[in-house]
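Summary of the model geometry
Below are the chains, spelled out letter by letter.
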Amino acid sequence: MENQIALKVSNIDKFFYEPSKFQVLKDINFDVKKGEFLSLVGKSGSGKSTLLYVLSTMDTDYSGSLEINGKTLTGSTQNELAKFRNANIGFVFQFHYLLPDFSTLDNVMLPALKLRKKSKEEIREMAYENLKLLGIEDQAKKSANKLSGGQQQRVAIARALINEPAIIMGDEPTGNLDSKNTQTVFDIFQQLSEERGQTIIAVTHDDEFAKNTDRILELSDGSML
Amino acid sequence: MIRQTNFQVAFAHLSSRVKQSLVAMLSVTFGISMYIFMNGFMTGVNDVQNELAFSALAHVRIYRDLPKDRSNLLASKYDEEATLINIRNPKTIQYTTGIRNANEVIDAIDHLPEITDIATQVNLNVFFRNGSAKINGLTAGVNANDEEALFGISESVIEGSWFDLNHRSDGIIMGVGLAKKLSLNLNDNVQVSTADGVTRNFEIIGILETTMAGVDDMKAFIQINAARQLISKNRSYATDIQVNVADFEAASAVAAKMRSLTDLKVESWIESNGQLDAGNELRNIIALAVSFTILLVAGFGIYNIMNMTVNEKIKEIAILKAMGFEGSDIVQIFLVQSIIIGIIGGIIGMLFGAAVSVVINQVPFQVASLETLPMSYRAKDYVAAFGFGLITTFVAGYLPAKKASKVDPVTIIRG
Ligand SMILES: Nc1ncnc2c1ncn2[C@@H]1O[C@H](COP(=O)(O)OP(=O)(O)O)[C@@H](O)[C@H]1O
Ligand SMILES: [Mg+2]
């Protein structure tokens, strides 16, 4: 169990053609073990977000192969990937995208309602738990677009956790948070990886944050150092 | 199956864009109400036209057709090829006119279930004379009750009473224009003479006004036996047997059945009055063309607004897809929105269409026998309007929904 591979990327190349042809990812190869808490660092523009979109299965326009939990995802259809994401990947975007027409609680519940593994009551219960974990349960009934940036980011994290995904990916998930909340999020991630064996991949600019993770991957101009 | 989560998202979208949703709803309401109004109006016009026409025209008429070729009247009697026929002077040969035994014909067709009413008539060309005034016209010998059953003629009698004809063998009921031309009033006497020179006196017991010049200025009604007497025919003689059927649109089919039961000429109103049927058909086509155009416009309204919604919600679509919503979920989310718009807009449209119809139905329009603009209220128009409205919303909503399902989440989320 300990050394099971959660995620494996081999020979990933990716090009952008607009405005001019340029290689954004260059022969990326690495494995992530199950339960590993990984940080991805690098200068702005080095390709961290682009790599994360590939890992999240949302971006399929690359060459090379991606394997999660032993399943090769490269070449799967969009619908298969959507189902896979829903059940196995929690994603926190760089700019904390919530659905503005929904309440905080509904935002957190939505991926689980889509998955339909649990009853609505159980899902509501869990969503509350997750919001409490992140210290924003008092915002549950509020419309998502009424929250501050930091609050929205924490809601997005609560949402990423709701389906207890095998892998949680965050693109600067603590970018908008103060040091106290950053510490809270770090502790949650660490707890998830240690106690529940969930794999965490977090892009970060915060050296302190990165230093405390299990492993640091560094990107420079699209290549892994 | 539409997944509940998709419903939830669809409702959230709708309630976050109340104004646009209302505009889309209004375009459906407008399309459906105009569909109902247009079709109700055209059907109303058709009904009035038919009612008017069928007050003088039976659904099926049975009569003896004159032989087309009178040079060889015996041809049908001797059809073996070996028989040579030579008629020296064909003009002198008497051939049958009219129906000699109408009762026999009626007995033969009577059992057809489609038939609702039968009336026998003896129609004659006659001269009406009052002193020196002499006018060529028509006399119909009728049975007053049968005539009423087919044509509802008593409603047109403006002086005297139609049913007096039942017991007045010397009575005549005359068109108002004809009476005026002859300077005749109720209870006056009039002389009727046939082509063969038989003349008889009748007393005017009723005056008739149908608004149809062909009747009002030319025609008079007497008892059928009085007419038979005028031309010295037996008590079962008739020139015409008029038949009404339950569904006048099926008249041709019933006429075809009757043809196998009698040698006489059987003619449905569609064959004898093609222009009436053509008029009905044309009005139906106009109503359909106009209402489909309006529905199309309504469809474009929904299409536009749903397209705007998709563009406005493109970030949300990207997030939903990132969370694992499939293309089919996204299609459902937007299709549900347009169908809800279609259903609500459609229900309001049916109510509004009924209201518009009622209002237009009150507009005064005093031409011919009309008082106000005609209108028909048929459940099937409402069902069709709602059905077509839903189909329109479905199609108009599907295209933007399909577009939404193709959104690439990465492009949107990367910004
Ligand atoms: N859609 C795009 N088209 C072209 N170039 C892009 C696109 N998205 C990102 N880039 C470029 O790719 C490089 C990597 O971007 P990104 O992955 O966002 O970097 P990071 O997240 O490490 O800051 C940058 O030079 C950026 O300008
Ligand atoms: Mg980035």
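Residues numbered from 1 in each chain as written. Chains lettered and ligands numbered in written order. Predicted model: local features only at pLDDT ≥ 70, side-chain atom pairs only at ≥ 80, totals over all residues. Heavy atoms only, no water.

**Notes on the overall build of chain A**
Formally: Secondary structure elements are defined from DSSP: runs of H or I of at least 4 residues count as helices, runs of E of at least 2 residues count as strands, and each element is numbered from the N terminus. Radius of gyration here is computed from C-alpha atoms only, and the compact-globule reference equals 2.2 Å multiplied by the residue count raised to the power 0.38. Throughout, exposure labels follow a simple rule: accessible area from a 1.4 Å probe, protein chains only, divided by the maximum for the residue type, with under 20% read as buried, over 50% as exposed, and the rest as partly exposed. Throughout, a contact is declared for two residues whenever any of their heavy atoms are within 4.5 Å. Only the protein chains shown count as cover for residues, with accessible areas throughout obtained via the Shrake-Rupley method and a probe of 1.4 Å.
When helices and strands are counted, chain A shows seven helices and ten strands. Relative to its length of 225 residues, chain A is compact, with a C-alpha radius of gyration of 17 Å against a globular reference of 17 Å. Burial analysis of chain A (225 residues in total) assigns 53% to the buried set. Taking contacts inside chain A between residues at least 6 apart in sequence as the whole, the part at least 24 apart equals 71%. By element, 45% of the accessible surface of chain A is carried by carbon and sulfur atoms, the whole surface being about 10200 Å².

**Some details on helix 1 (residues 4–16) of chain B**
Because an α-helix packs 3.6 residues into every turn, residues spaced three or four apart end up facing the same way. What counts here: Expected span of a helix, by definition, is 1.5 Å for each gap between consecutive residues, and there is one gap fewer than residues.
An ideal rise of 1.5 Å per residue puts 18 Å on 13 residues; helix 1 of chain B measures up with 18 Å between its terminal C-alpha atoms. Burial in helix 1 of chain B covers these residues: Thr5, Asn6, Val9, Ala10, Ala12, His13 and Leu14 of chain B. Where helix 1 of chain B is buried, its residues meet helix 3 (104–115) of chain A together with helix 2 (18–53), helix 11 (314–322) and helix 12 (327–362) of chain B.

**Describing the environment of Glu195 of chain A**
Residue and element names in this part refer to chain A. Relative to the assigned elements, Glu195 resides in helix 6 (residues 179–195). A relative accessible area of 61% places Glu195 in the exposed class. Sequence spacing of Glu195 and Gly35 is 160 residues, and the spatial spacing of their C-alpha atoms is 8.5 Å.

**Regarding the sheet that holds strand 5 (residues 71–72) of chain A**
Residues and elements named next belong to chain A. Definition in use: Strand pairing requires that DSSP identify at least two bridges connecting the strands. Inter-axis angles, ranging from 0 to 180 degrees, are taken between N-to-C directions of lines fitted to C-alpha atoms, where helices are fitted over the stretch in contact.
A sheet is described by the order of its strands in space; here four strands give the open sequence 2-1-4-5, paired in antiparallel fashion. Single-partner strands in this sheet number two, and they are strand 2 (22–33) and strand 5. Inspection of the sheet shows strand 1 (residues 5–16) paired to strand 4 (residues 63–68) by five bridges, in the antiparallel sense. What sits directly across from Lys8, in strand 4, is Glu67. Sheet strands touched by helix 1 (residues 48–55): strand 1, strand 2 and strand 4. Its angle to strand 2, the strand with the most contacts, is close to 55°.

**Remarks on the packing of aromatic side chains**
Residue and element names in this part refer to chain A. The condition is simple: In this scheme Phe, Tyr and Trp rings, the latter by its six-membered ring, pair at centre separations within 6.5 Å, and the angle between planes marks the pair as stacked below 30 degrees, edge-to-face above 60, and tilted otherwise.
Tallied over the entire structure, the rule returns 18 aromatic pairs over all chains. Pairing Phe37 with Phe186 gives two aromatic rings, centres 5.3 Å apart and planes at 40°, and the pair type is tilted. Within this pair, whereas Phe37 is found in strand 3 (residues 37–42), its partner Phe186 is found in helix 6, the two being separated by 149 residues in sequence. For Phe186, a relative accessible area of 6% translates into the label buried. When the ring of Phe91 is compared with that of Phe93, the centres are 5.0 Å apart and the planes differ by 40°; the resulting orientation is tilted.

**Quick notes on the site of ligand 1**
The condition that has to hold: A molecule or strand has a residue near it when one of that residue's heavy atoms lies within 4 Å. Pairs of N or O atoms are called polar contacts if they sit within 3.5 Å, as long as, within protein, a hydrogen donor faces a hydrogen acceptor (for residues adjacent in sequence, only side-chain-to-side-chain pairs).
Neighbouring ligand 1 are 13 residues, the closest being Gly45, Lys48, Ser49 and Thr50 of chain A together with Arg414 of chain B. The local environment of ligand 1 is shared, drawing residues from chains A and B. Residue Gly45 of chain A places a main-chain N or O atom 2.7 Å away from an oxygen atom belonging to ligand 1. Contact between ligand 1 and Thr50 of chain A: an oxygen atom at 2.5 Å from a side-chain N or O atom of the residue.

**Thoughts on the nonpolar core**
Filter applied, for reference: Residues belong to one nonpolar core when they are buried, are Ala, Val, Leu, Ile, Met, Phe, Trp, Tyr or Cys, and are joined through side-chain atoms within 4.5 Å.
Within the largest apolar cluster, 108 residues are counted, with the highest numbers of intra-cluster contacts made by Leu7, Phe30, Leu55 and Phe189 of chain A together with Leu320 and Phe334 of chain B. Among the elements that make up this core, the one with the highest residue count is helix 12 of chain B (eight residues). In this view, Leu7 of chain A contacts Phe30, Asp31, Val32, Leu55, Leu66, Glu67, Ile68, Ile167, Met169 and Ile201 of chain A; residues no more than four positions away in its chain are not counted. Residues Val60, Ala251, Val254 and Leu264 of chain B belong to the second largest nonpolar core, which totals 25 residues.

**Thoughts on the packing of helix 2 of chain B against helix 10 (residues 274–312) of chain B**
Residue and element names in this part refer to chain B. So the rule is basically this: An angle below 35 degrees is treated as roughly parallel, one above 145 as roughly antiparallel, one from 65 to 115 as roughly perpendicular, and anything else as oblique. In this classification, Asp, Glu, Lys and Arg are treated as charged, Ala, Val, Leu, Ile, Met, Phe, Trp, Tyr, Cys and Pro as nonpolar, and every other residue, Gly included, as polar.
Relative orientation of the contacting elements helix 2 and helix 10 amounts to 175°, with a least axis distance of 9 Å. Between helix 2 and helix 10, the angle falls in the class roughly antiparallel. Classifying every residue of the contact of helix 2 with helix 10 gives 22 nonpolar, twelve polar and two charged.

**Topic: the domain arrangement of chain B**
All names here are of chain B. Our working definition: Marked domain ranges trace back to an automatic or database domain assignment. Values labelled buried area give the accessible surface lost by two parts on being combined, using a 1.4 Å probe and summing over both. Whenever Lys or Arg places a side-chain nitrogen within 4 Å of a carboxyl oxygen from Asp or Glu, that contact is recorded as a salt bridge.
According to the domain assignment, chain B contains domain 1 (4–53 + 277–414) and domain 2 (60–84 + 97–272). Distance from the C-alpha centre of domain 1 to the C-alpha centre of domain 2: 52 Å. Facing the six residues of domain 1 at the interface are five residues of domain 2. A buried area of about 420 Å², summed over both sides, lies between domain 1 and domain 2, and 66% of it is on carbon and sulfur atoms. Three residues, Asn50, Leu52 and Asp277, lead the burial of domain 1 against domain 2; their summed loss comes to 73% of the area buried on that side. For the pair domain 1 and domain 2, the number of links is zero salt bridges. Here domain 1 and domain 2 share zero residue pairs in polar contact (both at pLDDT 80 or more) between them. Elements that contribute at least two residues to the side of domain 1 that touches domain 2 include exactly helix 2 and helix 10. Tallied by class, residues from the side of domain 1 that touches domain 2 come to two nonpolar, three polar and one charged.

**Points about the packing of helix 3 of chain A against helix 5 (residues 149–161) of chain A**
Residues and elements named next belong to chain A. Going by this rule: Handedness of a crossing follows from how the near helix is turned relative to the far one, being left-handed for an anticlockwise turn of less than a right angle and right-handed for a clockwise one.
Taken N-terminus to C-terminus, the directions of helix 3 and helix 5 make an angle of 30°; their axes are 7 Å apart at the nearest point. The pairing of helix 3 with helix 5 is recorded here as roughly parallel in orientation. Helix 5 is crossed by helix 3, and the crossing has right-handed handedness. Taking contact as the criterion, the partners of Thr104, Asn107, Val108 and Pro111 in helix 3 are, on helix 5, Val155, Ala158 and Arg159. Residue classes in the contact of helix 3 with helix 5 are distributed as four nonpolar, two polar and one charged.

**Some points on the interface of chain A and chain B**
At the junction of the two partners, chain A supplies 24 residues and chain B supplies 27 residues. Approximately 2400 Å² of surface area, both sides summed, lies buried where chain A meets chain B, with 63% of it carried by carbon and sulfur atoms. By the criterion of area lost to chain B, the three top residues of chain A are Tyr97, Asp101 and Lys114 of chain A, representing 27% of everything that side buries. Summed over the shared surface of chain A and chain B, the result is four salt bridges. Ionic pairing is found between Glu326 of chain B and Lys83 of chain A, a salt bridge with its closest N-O pair at 3.4 Å. Across the chain A-chain B interface, the total number found is eleven residue pairs in polar contact (both at pLDDT 80 or more). For the side of chain A that touches chain B, the elements supplying multiple residues, two or more each, are helix 1, helix 2 (78–88) and helix 3 of chain A. Its residues assigned to classes, the side of chain A that touches chain B comprises 13 nonpolar, three polar and eight charged.

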